[in-house]
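# What the coordinates show
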Amino acid sequence: MQIVIFGAGLIGSRLATHLAERGHDARALGRADGIDTTTGQGLAEAVAGAEVVVDLTNSPTWADEEVLAFFRDSTAHLVAAGAAAGVRHHVILSIVGLDRLTDAGYMRAKLAQEAGVVAGAVPYTIVRSTQFHEFVAGIADASTEGDTVRATPGKLQTIAADDVVAHLAEVVTGTPVEGVVEIAGPDVLGIDELVRRLFAATGDPRTVVTDPEAGYFGAALDDTALVATPGAGAWIAPTSYDDWLATH
């Protein structure tokens, strides 16, 4: 199967390798390959002959207007290029709970991305994932003041990037569902607890203070916003946060 992945970061590079090891013609492309999804540059050539397009692109900025423009324009160009090339499946990686956290401009932008895919002419699957184990360190850094991390007890259900890749590969090589599927990790933990366990494993000397007002990148976070949706039939990944910490 010929698969073109746009976005060569944490997930894109691993997904391309995972698929290639299983006999697929998979490439992960980014700006270094002459691709600009916001303008459409290089897309027609990139998708020529492709059966599946996977959109793992991400905005270089989280400013509300800029991130909205990025996902809106990139999605329009990718879907149009895929339709013109006869692509049979358009897959995007989105975020569990984005429709419950619309105070955040990034979440609104991802909703716009989903809407663009749904409105397009290519059969699609939207994979909504919970936050990654790998992102906890960045959350801690963003919440640091001096030697103190002020972290909300609001819950996440983090998932290992390798588990995301494994299930995403099944979706990519499967039949379009014309809807949303959810994937999540096995543990529901407060951000404060996630950071404490990370620091215990790494020997980080920073102090973690539980602060319900800390929020999540500018948005208020409760215990339900960013965990698997009840009744959605989320696929639950096998790698727990503690097991991931032990091996990383």
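Just above, that's the structure.
The structure reproduced in this document is the subject of the present report. (Residues numbered from 1 in each chain as written. Predicted model: local features only at pLDDT ≥ 70, side-chain atom pairs only at ≥ 80, totals over all residues. Heavy atoms only, no water.)

## Remarks on helix 1 (residues 10-21)
What counts, and what does not: Counting from the N terminus, the helices are the DSSP runs of H or I reaching at least four residues and the strands are the DSSP runs of E reaching at least two. The length a helix should cover is 1.5 Å for every residue beyond the first. Partly exposed describes any residue whose relative accessible area lies between the buried limit of under 20% and the exposed limit of over 50%, with all areas from a 1.4 Å probe on protein chains only and scaled to the type maximum. To obtain the arc, one takes the directions from the helix axis to the C-beta atoms.
Counted at 1.5 Å a residue, the expected span for helix 1 with its twelve residues is 16 Å, and the 17 Å between its end C-alpha atoms agrees. Buried within helix 1 are the following residues: I11, G12, L15, A16, H18 and L19. What you see down the axis of helix 1 is that its buried residues fit within an arc of 165°, all on one side. Following helix 1 by one or two positions, G23 has its phi on the positive side, about 90°.

## Regarding the nonpolar core
Operational definition: Here, the term nonpolar core denotes a set of buried Ala, Val, Leu, Ile, Met, Phe, Trp, Tyr and Cys residues that are joined through side-chain atoms within 4.5 Å. The contact definition used throughout considers only heavy atoms, calling two residues in contact when any of these lie within 4.5 Å.
Core analysis: the biggest nonpolar cluster contains 32 residues, and L101, I191, V195, L221, L226 and Y241 have the highest contact counts within it. For this core, the elements supplying multiple residues, two or more each, are helix 3 (64-85), helix 4 (105-119), helix 5 (136-142), strand 7 (148-151), helix 7 (191-202) and helix 8 (241-247). For this core, the element with the most residues is helix 7, which contributes five residues. If we skip the residues at most four places from it in the chain, I191 touches I139, A151, T152, P153, G154, L156, Y216 and L221. Residues I11, L19, V54 and A237 belong to the second largest nonpolar core, which totals 24 residues.

## Some remarks on the pattern of salt bridges
Proximity of charged atoms lets side chains of opposite charge pair with each other. Definition in use: Salt bridges are identified by distance alone: a Lys or Arg side-chain nitrogen within 4 Å of an Asp or Glu carboxyl oxygen.
One pass over the structure, following the stated rule, counts 15 salt bridges. Across the salt bridge formed by D36 and R31, the nearest N and O atoms sit 3.6 Å from each other. For D36, a relative accessible area of 13% corresponds to the buried category. Judged by relative accessible area, which is 59%, R31 ranks as exposed. Taking the shortest distance from any N to any O, the salt bridge between K155 and D223 comes out at 3.7 Å.

## Things to note about helix 7
A rise of 1.5 Å per residue sets the reference length of helix 7, with its twelve residues, at 16 Å; its end C-alpha atoms lie 16 Å apart and thus fit the reference within 8%. Within helix 7, burial applies to I191, D192, L194, V195, L198 and F199. Viewed end-on, helix 7 has its buried residues packed into an arc of 160°, placing them on one side of the element. Summarising the contacts, the buried residues of helix 7 are in contact with helix 5, strand 7, strand 8 (155-156), strand 10 (189-190), strand 11 (207-210) and helix 8. G203 lies just past helix 7 and shows a positive phi near 75°.

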